[in-house]
Amino acid sequence: MEIEKLRSEIRRHDDLYYVQARPEISDQDYDKLMRRLVELETAHPELLTPDSPSQRVGGAPIEAFTQVTHAVRMMSIDNTYSEAEVRDFDERVKKLLEGRKYSYTCEPKIDGVSLSLRYEDGVLKTAATRGNGTVGDDVTHNAKTIRNIPLVLKKPEARSQKPEGALFDADSALGTQHSVLEVRGEVFIARAQFAKINAAQEEAGEEPYANPRNTAAGTLKQLDPKVVASRKLDFIPHGNGEIAGVEVDSYTAWQCLLGALGFKTSEHFVQCKDVDEVIAFLHKFAEVRKGLPYDTDGVVIKVDDFEQRGMLGVTSKAPRWCIAYKYQPEQAETELARVVFQVGKSGKITPVGEFEPPVFISGTNVYRASLHNYDEIARKDLRLHDRVLVEKAGEIIPYVVGAVTEKRPKHAEVIERPKECPSCGSKELEHEGGFTSCRNASCPAQLAERLRYFAGRNQMDINELGEKLIEKLLEKGHVTSLADLYRLTHEQVVDALKRATTTGESNPSKAAQNVLEGIAGSKGRGLSRLLAGLGILHVGNRTAAIVAEHFGTLEKLRAASVEEIDALPDIGEVVAKSLHDFLHSASGAKLLDDLVALGVKADEPRVERTGPQPFAGKTIVVTGTLKALKRDEIKKKIESLGGKSTDSVSKNTSFLVAGDEAGSKLEKAKKLGVEVIDEAEFLRRAGG
Ligand SMILES: [Zn+2]
């Protein structure tokens, strides 16, 4: 059958790409296979199985997490910064094992979050966070999107080599007998991927994330698996919970078995015959870790033999057979000499600390570091002229760990928020939580950033408006607002172009003509791209598209209340308020009026609604897991048939479509007496 063939083909390519790192086909060809599979499964929903590779792209959002009790407790690990304490640990092990021969394993301590995966008869059943160690959250829907977590375990090849002295029965791992394998490991975000996520955040006008670990933790707790899939998390196994139906006698054997079952295991896992070899590895890995593509903060040292682990036992908190050695982070002390303010594209004013003298950390001089926001400054109790400790997150981004309060000088001062914008002097500042923003839409520091963004490929797409040209246009005062772009004269552009190139434009008159045509051509891009291009706080391309599609014209959008914007699917209150505030601020309103007066089109081309409109005037809410339709598909269907799809049940709701495992919305609908129908009834009303 085509569907099964496709699935095994995709699984094979997943393994080649994510585990073995030697892909055989291009990403485009892979996407084609995946699209074909999704197509087949959509046409034949009865053939969709929970272990299908299509689950990787993320299913419907869930409403809340359920809790899972771990079959074997997820304990924490004792840790130390001292080699002497590692030797003390070895002395205790030696004493408790009463002269038996033992060995250790060492592996990197990756800076991420722990996850426990439960496989029953080779199929992933649940994935749970550590929680309090006894009970965690069920995050199976999210774990399935992590590409190097197998949904189905591979059948180990007969020739897969058992390590020296280790034992596991590969045949029983996926054999006929009942098996349970709980695989524990670390979920993390590689440094390069983290940089991409932050670039996308900034693109959307959002605050960048502080470090990969917190981002991984936050991502795993997302309700919408599509968001998780987009973040491209990684997983490396580092332990086990319950094991049944498979013979495994040591941690080394467990690692080998996991490799044979299709996991990507750590390439820096080693066996050490004694504590001297362990210490030697700690020294060697201190250098190796600097070149790894992900963050590590130490090495986990474990007694290898499972029977000996049993003899050593556990304390109330941690196992006695395991210790984590942590590397001292490279840190330096200096004076927080000045705080300067940087104005971003959306007007956010970020406090930046400058150090005197600069400090040398992980290979570079560090002169300054972002202090992020005023909540962070308060939390760390930082004062101007404090002695502060500086580190680098992931050995890349410098940050202030905290103040050395016992060295606080008498002249230390509280760090105040700016009273006016450091760039334009505007006193129209907005203080929201820990953040302060300049609300002047024509603020010059914001303007260069905003012009670049406005002209970007996904916004107004003015290819001819290069970075150098923007700089010169601003410098000459030819442009003082976004609207001025559409007021530029031929002479002004020629003038700026002459200055933008050192060699001089060969035909500045013709080049200027191209620029002006490019700018004029952008007038017809439509409301969605226009809104996206304005760089409104929290309003990126996706939000702009949703808003433009719903309201259709700028006029209608301006007449909408915060509540009406908030009611749109996937738009939250903070986003709705930010957009509404912009539209009704003096500077925002003027900018839009100017743009429209200059001929910029502020309507969205409408998708014509033809055919029957069975849901005209109806407000419909969908909840629970549906069988035939995905969440965004049913929403589209409702809209295309004249209805309105909203996210919360109220007395104005016409009816609720409830799928499996519907929760609080179903309760509320019943309480309010709102009609509840199932998916089949919905499809019948929709006309099949
Ligand atoms: Zn300003």
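Quick caveat: nothing in here was measured; it's all calculated off a predicted structure. (Residues numbered from 1 in each chain as written. Predicted model: local features only at pLDDT ≥ 70, side-chain atom pairs only at ≥ 80, totals over all residues. Heavy atoms only, no water.)

A.B. asks: Could you clarify how one ought to interpret the packing of aromatic side chains in this entry?
C.D. replies: Where two aromatic rings form a pair, the distance of their centres and the angle of their planes describe that pair. Per the counting criterion, the structure on display carries eleven aromatic pairs. Their ring planes at 40° and their centres at 6.0 Å tell us that Phe 89 and Tyr 104 sit as a pair that is tilted. Of the two residues, Phe 89 sits in helix α3 (residues 83-96) while Tyr 104 sits in strand β3 (residues 104-110), which places them 15 residues apart along the sequence. Look at Tyr 102 and Tyr 104: their rings are 5.6 Å apart centre to centre, the planes differ by 80°, and that puts the pair in the edge-to-face class. In terms of burial, Tyr 102 and Tyr 104 fall into one category: buried. What links up through ring pairs into an aromatic cluster is the set Phe 89, Tyr 102 and Tyr 104. A cation over a ring is seen here: Arg 309 above Trp 321, with NZ or CZ 4.0 Å from the ring centre. Against the face of Phe 435 rests Lys 348, its NZ or CZ located 4.4 Å from the ring centre. (Phe/Tyr/Trp six-rings, centres within 6.5 Å; stacked < 30°, edge-to-face > 60°. Helix = DSSP H or I, 4+ residues; strand = E, 2+ residues; numbered from the N terminus. Buried < 20%, exposed > 50% of the residue type's maximum accessible area, 1.4 Å probe, protein only. Lys NZ or Arg CZ within 6 Å of the ring centre and 35° of its normal.)

A.B. asks: Hey, could you run me through the coordination of the zinc ion in this one?
C.D. replies: Looking at the zinc ion, one finds its protein donor set to be Cys 421 (SG), Cys 424 (SG), Cys 438 (SG) and Cys 443 (SG), positioned 2.2 to 2.4 Å from the metal centre. Positions of the donor residues of the zinc ion along the chain correspond to the pattern C-x2-C-x13-C-x4-C. Of this pair, Cys 424 sits in the loop between β18 (413-414) and β19 (429-432) while Cys 443 is found in the loop between β20 (435-438) and α13 (444-454), placing the two residues 19 residues apart along the sequence. A relative accessible area of 0% means that Cys 443 is categorised as buried. (Donors = N, O, S within 2.8 Å, 3.2 Å for Na, K, Ca; no water.)

A.B. asks: I keep staring at the confidence of the model for the chain and nothing clicks. Help me out?
C.D. replies: Summarising the model, the chain shows a mean pLDDT of 87, and 94% of its residues fall at 70 or more. Confidence drops under a pLDDT of 50 for residues 163-167, and excluding neighbours within four residues, the segment shows 13 contacts in the predicted structure. (pLDDT = per-residue confidence, 0-100. Contact = heavy atoms within 4.5 Å.)

A.B. asks: In this structure, what is going on with the pattern of salt bridges? I would like to understand it.
C.D. replies: Two side chains bearing opposite charge may form a pair once their charged atoms approach each other closely. A complete count under the given rule lists 47 salt bridges for this structure. Asp 29 is the salt-bridge partner of Lys 32, the closest N and O atoms lying 3.7 Å from each other. Of this pair, Lys 32 and Asp 29 both sit in helix α2 (residues 27-43), three residues apart, which is roughly one turn of that helix. For the salt bridge of Lys 627 with Asp 660, the shortest nitrogen-to-oxygen distance reads 3.5 Å. One end of the pair, Lys 627, is in the loop between β21 (619-623) and α23 (631-640); the other, Asp 660, is in the loop between β23 (655-658) and α24 (664-672), with 33 residues separating them in the sequence. (Salt bridge = Lys/Arg side-chain N within 4 Å of Asp/Glu carboxyl O.)

A.B. asks: Mind showing me how you'd approach the domain arrangement of the chain here?
C.D. replies: By a widespread convention, an interface's size corresponds to the accessible area lost as its parts come together. Domain annotation of the chain identifies domain 1 (2-57), domain 2 (79-326), domain 3 (332-414), domain 4 (444-524), domain 5 (527-597) and domain 6 (619-685). Here the C-alpha centroids of domain 4 and domain 6 sit 49 Å apart. (Domains from an automatic or database assignment.)

A.B. asks: Please clarify how the pairing of strand β16 (residues 387-393) should be interpreted in this entry.
C.D. replies: Strand residues, when the strand is regular, have side chains that alternate between the two faces of the sheet. Among the seven residues that make up β16, five are buried, leaving the element largely enclosed by the rest of the structure. In this sheet, β16 lies alongside strand β12 (residues 332-343) in antiparallel orientation, the contact comprising four bridges. In the strand pairing of β16, Glu 333 is matched with Leu 389. (Pairing = 2+ DSSP bridges.)

A.B. asks: Got a minute to help me understand helix α9 (residues 251-260) in this structure?
C.D. replies: Three or four residues apart is the spacing at which side chains of an α-helix point the same way, because the helix has 3.6 residues per turn. Burial analysis of α9 places eight of its ten residues in the buried class, the great majority of the element. Every buried residue of α9 is accounted for by Tyr 251, Thr 252, Ala 253, Trp 254, Gln 255, Leu 257, Leu 258 and Ala 260. Following α9 by one or two positions, Gly 262 has its phi on the positive side, about 110°.

A.B. asks: Is there a simple way to explain the environment of Ile 349 in this structure?
C.D. replies: Considering the arrangement of structural elements, one finds Ile 349 in strand β13 (residues 348-361). We classify Ile 349 as buried; its relative accessible area is 3%. Distance in space between the C-alpha atoms of Ile 349 and Glu 335 is 22 Å, their sequence separation being 14 residues. The residues contacting Ile 349, other than those within four sequence positions of it, are Phe 341, Gln 342, Val 343, Pro 418, Cys 421, Pro 422, Leu 429, Thr 436, Ser 437 and Cys 438.

A.B. asks: Please explain unusual backbone geometry as it appears in this structure.
C.D. replies: In this structure, the amide linkage connecting Glu 356 to the following residue, Pro 357, adopts the cis form with an omega of -5°. One non-glycine residue with positive phi stands out, namely Lys 232, at about 55°. Note that Lys 232 resides in the loop between α8 (225-231) and β8 (234-244).

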